[in-house]
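# Analysis of the macromolecular model
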Amino acid sequence: SIAAFGGPIDAIFQDEIPGWLPEKFGCFSMPFEKQTVIENGFIRGGCFMVLRSVLVELNGFDKTLGVTGDSLHYGEEIELQLRMRKVGHKIAYDPSLRTGHFVRTDKLNMGWVLRSEYARRRDKMLFEPVSFMTAFGHLIKTTLGRFFWIPVHLMKAIFNRRYTFKKAFFQIAQPMAYRVGEWVGVLIQKSRK
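Since the model is a prediction, treat every value here as computed from it, not as a measurement.

### Some thoughts on the environment of threonine 64
- With respect to the element layout, threonine 64 can be found in the loop between α1 (52–57) and α2 (76–86).
- On a C-alpha basis, the gap between threonine 64 and glutamine 189 in space is 16 Å, while along the polypeptide they are 125 residues apart.
- Here aspartate 62 takes part through its side chain, which lies 2.5 Å from a polar atom of the side chain of threonine 64.

And the structure:
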């Protein structure tokens, strides 16, 4: 009765990961200890198995979504899971379906990580949009919050050898990239209506 399964993803790195990246960068898991049908949330594409009959029934993934060449877009597995749920198919998370996922070295630079964070949130607005005012409020709140945390991050970088200025910059910029992506995604959706 379950049409798709997914599980945890462990990142596999060829090179040492930069100290400014979060410890679990490239990893994914959900807080379930046994196989669980998930009503909300989405399985990540790195460990996502779907019955062939379901893919045939729903005409597979939407080919207009996802990464193509140098164009950074996301959402093809989210969109498929939404269509699956809409017609009554169940999706389950199983922690025993753990898989490794190779993270290319070029994805370990700050520019790529921030662009990816922005694109991931921008593209999620296609499927789970928030209102313009909500997105604008999130952006203002995050901007003010990051501004007030700048001295804390700077002090950490000065007094803690393991906390670098690059890490401080990332911890300020990453939430901003996310919220700007959300705001742009909402604007794109508004312009299409």
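Right, picking up where we left off after that structure.
### What to know about the pattern of salt bridges
- Applying the stated criterion across every chain, the model contains seven salt bridges.
- Taking the shortest distance from any N to any O, the salt bridge between aspartate 123 and arginine 122 comes out at 2.7 Å. Here the two residues aspartate 123 and arginine 122 agree in accessibility, since each one is buried.
- A salt bridge links glutamate 182 to arginine 179; its shortest N-O distance comes to 3.1 Å. Here glutamate 182 pairs with arginine 179, and both are found in helix α5 (residues 165–192), just three residues apart, close to one helical turn.

### Some remarks on a nonpolar patch on the surface
- Together, Met133, Phe136, Ile140, Leu144, Phe147 and Phe148 make up an exposed nonpolar region whose accessible area comes to about 650 Å².
- Within the secondary structure, leucine 144 is located in helix α4 (residues 132–159).
- Given the relative accessible area of 45%, leucine 144 is considered partly exposed.

### Thoughts on the layout of surface pockets
- Roughly 1300 Å³ of volume is contained in the largest pocket.
- Forming the walls of the largest pocket are 43 residues, and the residues nearest its centre are Arg44, Tyr74, Trp112, Ser116 and Arg120.
- When residues in the lining of the largest pocket are grouped by element, the largest group, nine residues, is from helix α3 (residues 110–124).
- Its residues assigned to classes, the lining of the largest pocket comprises 18 nonpolar, 11 polar and 14 charged.
- Taken as a whole, the second largest pocket encloses approximately 170 Å³ of empty space.
- Lining the second largest pocket, in full, are Thr64, Leu65, His73, Tyr74, Arg122, Asp123, Leu126, Gly185, Ile188, Gln189 and Arg192.
- Elements with a contribution of two residues or more to the lining of the second largest pocket: α3 and α5.
- If one sorts the elements of the lining of the second largest pocket by residue count, α5 sits on top with four residues.
- Grouping the amino acids of the lining of the second largest pocket by side-chain chemistry returns four nonpolar, four polar and three charged.

### Re the packing of α4 against α5
- At their nearest, the axes of α4 and α5 sit 8 Å apart, and the two run at 175° to each other. The angle between α4 and α5 places the two elements in the roughly antiparallel class.
- For the contact of α4 with α5, the residue count by class is 17 nonpolar, five polar and four charged.

### What to know about the sheet that holds strand β3 (residues 36–37)
- Strands sit in the order β3-β5-β1-β4 across an open sheet of four strands; the sheet is mixed. Every interior strand has two partners, whereas the edge strands, β3 and β4 (48–50), have only one.
- The sheet contact formed by strand β1 (residues 2–6) and β4 spans three bridges and is antiparallel. Along β4, the bridge assignment pairs alanine 4 with valine 50.
- Relative to the sheet, α2 contacts β1, β4 and β5 (90–93), its axis offset from that of β4 by approximately 40°.

What counts as what
Residues numbered from 1 in each chain as written. Predicted model: local features only at pLDDT ≥ 70, side-chain atom pairs only at ≥ 80, totals over all residues. Heavy atoms only, no water. Helix = DSSP H or I, 4+ residues; strand = E, 2+ residues; numbered from the N terminus. Polar contact = N/O pair within 3.5 Å; in protein donor to acceptor, adjacent residues only side chain to side chain. Salt bridge = Lys/Arg side-chain N within 4 Å of Asp/Glu carboxyl O. Buried < 20%, exposed > 50% of the residue type's maximum accessible area, 1.4 Å probe, protein only. Patch = residues over 30% accessible without salt bridge, like charges linked within 9 Å, V, L, I, M, F, W, Y side chains within 5 Å. Areas by Shrake-Rupley, 256 points an atom, 1.4 Å probe, with all protein chains shown as cover. 1 Å grid on protein atoms, 1.4 Å probe; cavity = no way out; pocket = protein on both sides within 12 Å on 5 of 7 lines; lining within 4 Å. Points joined across faces, edges and corners; volume = space filled by probe spheres on them. Nonpolar A, V, L, I, M, F, W, Y, C, P; charged D, E, K, R; others polar. Axes fitted to C-alpha atoms, helices over the stretch in contact; angles between N-to-C directions. Parallel < 35°, antiparallel > 145°, perpendicular 65-115°, else oblique. Pairing = 2+ DSSP bridges. Contact = heavy atoms within 4.5 Å.

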